[in-house]
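Each chain is listed here by its residues.
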Amino acid sequence: GLAAAPALAQPQAWPSRPIRLIIPYPPGGATDTLARPFAERMRARLGQAVVIENRGGAATTIGMEAAARAAPDGYTLVMNADNIAYFPLLYRRLPYDLFRDFAPISNVASTALVLAINPRLPANDLQEFIALLKREPDRYAFANPSLGAPHHLGYELFAREAGVKMLQVEYRGGGPALNDVLAGHAHLGVFSLGAVSQHFQSGTLRPLAILSPRRSAIAPDVPTTAEAGLPRVLSAINFILFAPAATPPEVIASLNAACIAVMEEPSLREQLTRAGFEVMTSTPDEAMAILRAERDRWAPILAGLNLNLD
């Protein structure tokens, strides 16, 4: 019995219980759309449930802070967009430090953003919409899903380059913002393409331009911002999976391998492609490089926009 005691005292192999995946947005947005099928397949790959916990609000700070404070044992993960890399340039007080408190696991996917309006507005394309805004300034509202998000900054670039101004209505995520544009309570949104492409087909939302250098395969008739006359209005999203810092390297490696294997499954790739995502996995070091590049790219742009957020 004494001889067996050291073996019994060894820690259980990871994972031995369910894993919590925090999504720092309300249900219904692009991150949620990506995370749910991803979590299902990770459960099958890891042999443990991957339970999604939506913790939206405060520009994803609520969910990110919860993840940063979690035990670094591989049982709490968070998926977020790479725009959080430039949050220190926007917010004076953040309760976490992305590069200190988190360990990137892998880039997961990317999606383009699109400018879209309620179809009842008398504008058929981006230039007609700009003319409408100039004729009636301050009458129309932009549905801002999250301060500092790529959607918000995409709008700010659009407003600066087009020389227009709109009222801004703040929401707790892409889902509520989309609902109000669909209902006509707000007029313009910048949305993840995958979250709204079905509304283009049904006619409940009118696309104006994709904030990308190239057109999308799932919305080939929608012009790019360059084609619509605003070539510098570019914004996209990379979705990255994180663990708290100090998570054991072998757990990070196991999660990275599982993530890559899951995203290579043809059925998931097809599902996500239809939803407007482009699968893009990486090593942890490559994911960190993406974050640093995003921070460096936006630094001079943010200085020019002069945004100061609390």
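Up top you'll find the structure we're talking about.
Nothing here was measured: the structure is a model prediction, and the numbers come from that model. (Residues numbered from 1 in each chain as written. Predicted model: local features only at pLDDT ≥ 70, side-chain atom pairs only at ≥ 80, totals over all residues. Heavy atoms only, no water.)

Assigned secondary structure in the chain consists of 12 helices and 10 strands. On C-alpha atoms alone, the chain measures out to a radius of gyration of 21 Å, which is about the 19 Å that the 2.2 N^0.38 rule sets for 310 residues. C-alpha atoms of the chain, sized along the principal axes, occupy 85 × 40 × 30 Å. The burial tally for the chain puts 54% of its 310 residues in the buried class. Within the chain, contacts between residues at least 6 apart in sequence are counted, and of these 79% link residues at least 24 apart. On the chain, the mean spot of the 27 positive side-chain charges and the mean spot of the 28 negative ones are 3 Å from each other. (Helix = DSSP H or I, 4+ residues; strand = E, 2+ residues; numbered from the N terminus. Rg over C-alpha atoms; globule rule 2.2 N^0.38 Å. Buried < 20%, exposed > 50% of the residue type's maximum accessible area, 1.4 Å probe, protein only. Contact = heavy atoms within 4.5 Å. Lys, Arg positive; Asp, Glu negative; His and termini not counted. Charge placed at Lys NZ, Arg CZ, Asp CG, Glu CD.)

For the coordinates displayed, the defined rule picks out 16 salt bridges. Measuring nitrogen to oxygen at the nearest pair gives 3.2 Å for the salt bridge that ties Asp296 to Arg295. A relative accessible area of 25% means that Arg295 is categorised as partly exposed. Connected via shared salt-bridge partners are Arg20, Glu53 and Arg55. (Salt bridge = Lys/Arg side-chain N within 4 Å of Asp/Glu carboxyl O.)

The description of two aromatic rings rests on the distance between their centres and on the angle between their planes. For the structure on display, the rule yields 10 aromatic pairs. Consider the rings of Tyr155 and Phe158, whose centres lie 6.4 Å apart with planes at 55 degrees: the pair is tilted. Of this pair, Tyr155 and Phe158 both sit in helix H7 (residues 150-162), three residues apart, which is roughly one turn of that helix. By relative accessible area, which is 0% here, Phe158 ends up buried. Three or more aromatic residues joined by ring pairs form one cluster here, namely Tyr86, Phe87, Tyr91 and Trp298. The ring of Phe99 has Arg295 lying over it, and the distance from NZ or CZ to the ring centre is 5.1 Å. (Phe/Tyr/Trp six-rings, centres within 6.5 Å; stacked < 30°, edge-to-face > 60°. Lys NZ or Arg CZ within 6 Å of the ring centre and 35° of its normal.)

Quick look at the environment of Ala103 now. Topologically, Ala103 is positioned in strand S4 (residues 102-117). Note on Ala103: relative accessible area 18%, which makes it buried. Measuring from C-alpha to C-alpha, the distance between Ala103 and Gly276 comes to 27 Å, with 173 residues separating the pair along the chain.

Moving on to the nonpolar core. Leu21, Phe38, Phe129, Phe158 and Met263 are the most contacted members of the largest nonpolar core, which totals 91 residues. Residue contacts for Phe38: discarding those within four places in its chain leaves Leu21, Met79, Val108, Leu241, Cys259, Val262 and Met263. (Core = buried A, V, L, I, M, F, W, Y, C linked by side-chain atoms within 4.5 Å.)

This part covers the pairing of strand S1 (residues 19-23). Most of S1 is tucked away, with four of its five residues classed as buried. Relative to strand S2 (residues 50-54), S1 is paired through five bridges, and the arrangement is parallel. Within S2, the residue paired with Ile23 across the bridge is Asn54. Crossover S1 to S2 through helix H2 (residues 30-46) is right-handed. With three bridges connecting them, S1 and strand S3 (residues 76-81) associate as parallel partners. When the bridges of S3 are listed, Leu21 appears paired with Leu77. (Pairing = 2+ DSSP bridges. Right-handed = clockwise from strand over helix to strand, strands pointing away.)

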